[in-house]
Amino acid sequence: MRRVTPQEREHWRALARHHGFGSAENRFVLGRFVVEDRDGDGLVLCVVTPIPAGLGGEKRMFDRTPADEIVVPGRWWQLMFENVSEDVSAPAEMRQMAATMAATTVCRDVLLPADSDTVEIGVPDSQGHVATFEALPPGTRMRVSIGRNPSCA
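Worth saying up front: this structure is predicted, and the values here are computed from it rather than measured.

**Details of the pattern of salt bridges**
No. 1: Within this structure, the stated rule accounts for 11 salt bridges.
No. 2: Residue Arg-64 is joined to Asp-68 by a salt bridge in which the shortest nitrogen-to-oxygen separation is 3.7 Å.
No. 3: The class of Asp-68 is partly exposed, set by a relative accessible area of 38%.
No. 4: A salt bridge links Arg-75 to Glu-82; its shortest N-O distance comes to 3.7 Å.
No. 5: Because the salt bridges share partners, they merge into one network encompassing Arg-2, Glu-8 and Asp-117.

This is the structure:
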C-alpha cells in the first residue's frame, strides 16, 4: 500500500468528473467503475474512483486471501451496479445500463494478484473522523465473469 500523490488526487477528481461521478465541489463517490469492454461471458471493468476495503462490514469492498491475493466479491459488483442505477448524478445512459446489469446478471468473485497496486486513502465517518483504508486506485482494470440471473429465466 502506497500513499497517493497530490497529482494523482487531481487526476482522479478529473477522471470522476469526466465519467459523471464527480461534483463541482471536487467530491466523488467511492467504488465507481466503468465497463470498458465485453469479453465473452465477462466484462472488463476499470476503476474510476478508489475502491476501499473495509467499508460497511458485510458490504466489504475487497478482502485478501491467506496468500495475500485481493478478492473483490461478486455480490459487491452487483450492489455497485444497483447503486449506480440509482445515482441521479450519473449520466442517464450509465444508470440504465447499470440497472439492466443489476437485474439480469450475477457476477463472480474477482481475484487479483497479491502484488496489485493499492493506495492508502482517508475516509471520513458520519462524525467527521477520518479512518485510513487500503484501496484499489483508479485505473485498476479487471475482468469480471458474469452469468445470467436465474430469476430472469
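**A few points about the packing of aromatic side chains**
The relative placement of two aromatic rings is captured by the distance of their centres and the angle of their planes.
No. 1: Counting across every chain of the model gives 4 aromatic pairs.
No. 2: With centroids separated by 4.9 Å and ring planes inclined at 70°, the aromatic side chains of Trp-76 and Trp-77 adopt a geometry described as edge-to-face. Trp-77 matches Trp-76 in its accessibility class, with the two residues each being buried.
No. 3: These aromatic residues form a ring-pair network of at least three members: Phe-33, Trp-76, Trp-77 and Phe-81.

**Considering the packing of helix H2 (residues 74-86) against helix H3 (residues 92-104)**
No. 1: Taken N-terminus to C-terminus, the directions of H2 and H3 make an angle of 145°; their axes are 7 Å apart at the nearest point. Read as a crossing pair, H2 and H3 show a hand that is left-handed. The segment H2 lies against H3, with Gln-78, Phe-81, Glu-82, Val-84 and Ser-85 engaging Met-94, Arg-95, Ala-98, Ala-99, Met-101 and Ala-102.
No. 2: Residues of the contact of H2 with H3, tallied by class, amount to 7 nonpolar, 2 polar and 2 charged.

**Structural notes on the environment of Trp-12**
No. 1: With respect to the secondary-structure elements, Trp-12 resides in helix H1 (residues 6-18).
No. 2: With a relative accessible area of 6%, Trp-12 lands in the buried category.
No. 3: When the C-alpha atoms of Trp-12 and Gly-22 are compared, they prove to be 9.3 Å apart, with 10 residues separating the residues in sequence.
No. 4: For Trp-12, the contacting residues outside a window of four places in its chain are Val-4, Pro-50, Val-119, Pro-137 and Pro-138.

Procedures and definitions
Numbering of residues starts from 1 in each chain and follows the order in which that chain's sequence is written. In view of the model being predicted, local features appear only for residues whose pLDDT reaches at least 70, and side-chain atom pairs are presented and counted only at 80 or more, with totals across whole chains, interfaces and linings using the full set of residues. In computing side-chain values, all of the structure's heavy atoms are included and hydrogens and water are not. For this document, the term salt bridge refers to a Lys or Arg side-chain nitrogen within 4 Å of an Asp or Glu carboxyl oxygen. Buried, partly exposed and exposed residues are distinguished by accessible area as a fraction of the type maximum, computed with a 1.4 Å probe on protein chains only: under 20%, between the cut-offs, and over 50%, respectively. Here a pair means two rings of Phe, Tyr or Trp (six-membered ring of Trp) with centres within 6.5 Å. Their orientation is stacked below 30 degrees between planes, edge-to-face above 60, and tilted elsewhere. Axis geometry follows a simple rule: fit a line to the C-alpha atoms, using only the stretch in contact for helices, then measure angles between N-to-C directions, giving values from 0 to 180 degrees. Think of it this way: any DSSP run of H or I at least four residues long counts as a helix, any run of E at least two long counts as a strand, and we number them from the N terminus. Two helices cross in a left-handed way if the nearer one is turned anticlockwise from the farther one by less than a right angle. They cross in a right-handed way if the turn is clockwise. We call two residues in contact whenever any of their non-hydrogen atoms come within 4.5 Å of each other. Here the nonpolar group is Ala, Val, Leu, Ile, Met, Phe, Trp, Tyr, Cys and Pro; Asp, Glu, Lys and Arg are the charged ones; every other residue, Gly included, is treated as polar.

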